[in-house]
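Architecture at a glance
The residues making up each chain are set out below.
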Amino acid sequence: MKETKERKMIRHKKKNVRIFPIYKTVSWDLLFYFPIIFLFLTQIKGFSASQVLYADAFYTLANTFWQLPVTSLVDRIGKKNCLIIGNVLYSASILAMIFMQNYYELLLIQFIYALGYSIKGVCETNILYDSLPASKKRGKIFATIDGKSSSYFYLFDAVSSIIAGLTFAINGYIPMVLCFLCCVASTVISFKFRHTVIVEDKVQPISLKEYIGQIKASMKFSIKSSRVKLLLLSNALFLGLSLGIVNLRSSMLSEMQVPEAYFGIIFAILQFAAAITARYSERIHKIFRNKTIAVLTIPTTVSCILIGFIGKDTLSKSSLILVVLLFSLQYATKGPYRALLARYLSNFTNRKIRPKLTALRNLSSNLLTAVVSAVCAFLLEITTTANTFIIIGCITTIAAVLLVDYMKGKVGLRPSQYSKEDLKYSLYMPSKTKKKS
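Here's what I pulled together on the structure shown here. Worth saying up front: this structure is predicted, and the values here are computed from it rather than measured. (Residues numbered from 1 in each chain as written. Predicted model: local features only at pLDDT ≥ 70, side-chain atom pairs only at ≥ 80, totals over all residues. Heavy atoms only, no water.)

Once that is clear, we can look at the pattern of salt bridges. Under the counting rule described, the total for this entry stands at one salt bridge. For K120, the salt bridge goes to E124, with nearest N and O atoms at 2.7 Å. Of the two residues, K120 and E124 are both situated in helix α5 (residues 103–131); the distance of four residues between them amounts to about one turn of the helix. Each member of the pair K120 and E124 is classed as buried. (Salt bridge = Lys/Arg side-chain N within 4 Å of Asp/Glu carboxyl O. Helix = DSSP H or I, 4+ residues; strand = E, 2+ residues; numbered from the N terminus. Buried < 20%, exposed > 50% of the residue type's maximum accessible area, 1.4 Å probe, protein only.)

Printed below as a string of structure tokens:
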């Protein structure tokens, strides 16, 4: 009986691995949405640029609010069930956004959308990681599959971006309807995943008190472990900047008087750049090793400063080309970053701690994204988009340089070089440790 159950679980895990690239291609993020959402909210719904960025900040704060409840929910009903719920909430949010009438409705939609995003963020990569055989090559296999899946998504997103820009010029609601249909497709695919060990073994849900205790233990582990703490900080800085300036890029293009139909083409170029680098995330890791985070982060922050100075010449075609190239650089670094950071944080951990670390990763990045979005919204009320890019770029560049310098000798080491606290939840943790003399 035991052998039959193990074979069934192996078959389920293999199916999850097969489905994951298909799922991520259409489900990793909203398709048809980001190239036109700034235009949709400002031109179709009549909100100001600063209102849109304040809504972004509210969304990320809501995302932060949902992190701990979502992690508890995942523990109780399983990753597959939660993933279905997350995609249903995604679909409902986009449908509601199409019919919304005022700014307060937008904030409510962002609150619900944040719940769906939080659920998906905790479940998606962990479903893949849990479905891979436990071995020393697990991280490499995970990064390869996740990187290729990300590449497929970016390519598909590039095509959808072109369609979004062209159809928006015809009718602003068409891209939103297409986005809703993709969300429905994601929901259907999420039903195809199979439960992993947690649900199959019918583990009883832990009490709230026990769960809070586990979260506290995870946070203490993150604080005491230099490796995890620095990875969380670097992830927060990079994603906080990358996600916080999403609509700021659209604002920059609007100030440069780029026609709406070209927004999709520009964003398609950006997604192609991300697709190329995401596909080779493992190769990037092999080339740069423990310098990978610095190589991906610092060019991203410096590019914001350059965009600000170049973007001041709003009517120049050469300036627009340079700005788009710098946007492409930002997407090229973002392509492999998420997969590699997910791998780095998953290394030396077990199934029990990974969802908690994912929640802490999302929580920290959401907080910084909210800060970046709020600061950008405030700056847009008193200055131009170009100056906003310069200010944000200077602040994050200083932070990135200091963080990268502090990470030397603490991250990117071999298992034997880490402390006992860093390997507390590691599969490589020796059962008996020798006392230091």
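In this section: unusual backbone geometry. Phi at F32 takes a positive value of approximately 65°, unusual for a residue other than glycine. With respect to the helices and strands, the residue F32 is situated in the loop between α1 (2–27) and α2 (37–44). Of note in the backbone geometry, Q257 takes a positive phi value of approximately 60° without being a glycine. Within the fold, Q257 resides in the loop between α11 (246–255) and α12 (260–279). By relative accessible area, Q257 is classed as exposed at 57%.

For the rest of this paragraph, the subject is α5. Every α-helical turn comprises 3.6 residues, leaving residues that sit three or four positions apart pointing alike. If you check α5, its first and last C-alpha atoms are 42 Å apart, about what 29 residues at 1.5 Å a residue would give, namely 42 Å. Taking burial as the measure, the 29 residues of α5 include 23 buried ones, the bulk of the element. A side-chain oxygen of the first residue of α5 lies 3.1 Å from the backbone nitrogen of Y104; this N-cap is N102. (Expected span 1.5 Å × (residues − 1). Polar contact = N/O pair within 3.5 Å; in protein donor to acceptor, adjacent residues only side chain to side chain.)

This part takes up the packing of aromatic side chains. One pass over the structure, following the stated rule, counts 16 aromatic pairs. Seen from their ring centres, W28 and F153 are 5.4 Å apart, and the 80° between their planes marks the pair as edge-to-face. Remark: F153 occurs in helix α6 (residues 138–170) and W28 occurs in the loop between α1 and α2; sequence separation between them is 125 residues. Take W28 and F153: they sit in the same class, and that class is buried. Three or more aromatic residues link up through ring pairs in this structure, and these residues are F58, F65, W66 and F111. Just above the ring of F327 sits the side chain of R249; from NZ or CZ to the centre is 5.9 Å. (Phe/Tyr/Trp six-rings, centres within 6.5 Å; stacked < 30°, edge-to-face > 60°. Lys NZ or Arg CZ within 6 Å of the ring centre and 35° of its normal.)

To continue, consider a positive patch on the surface. Taken together, K137, K140, R283, K286 and R289 make up a surface patch of like positive charges. Structurally, R289 is set in the loop between α13 (281–288) and α14 (292–310). Under the relative-accessibility criterion, R289 is labelled partly exposed at 48%. (Patch = residues over 30% accessible without salt bridge, like charges linked within 9 Å, V, L, I, M, F, W, Y side chains within 5 Å. Areas by Shrake-Rupley, 256 points an atom, 1.4 Å probe, with all protein chains shown as cover. Lys, Arg positive; Asp, Glu negative; His and termini not counted. Charge placed at Lys NZ, Arg CZ, Asp CG, Glu CD.)

A few words now on the nonpolar core. Among the nonpolar cores identified, the biggest contains 80 residues, and M97 and M176 are the most heavily contacted of them. For this core, the leading source of residues is α5, giving 11 residues. M176 has contacts with Y33, I36, I37, F40, I94, M97 and I98, leaving out every residue within four places of it along the chain. Within the second largest apolar cluster, 19 residues are counted, among which are L239, L296, L340 and L360. (Core = buried A, V, L, I, M, F, W, Y, C linked by side-chain atoms within 4.5 Å. Contact = heavy atoms within 4.5 Å.)

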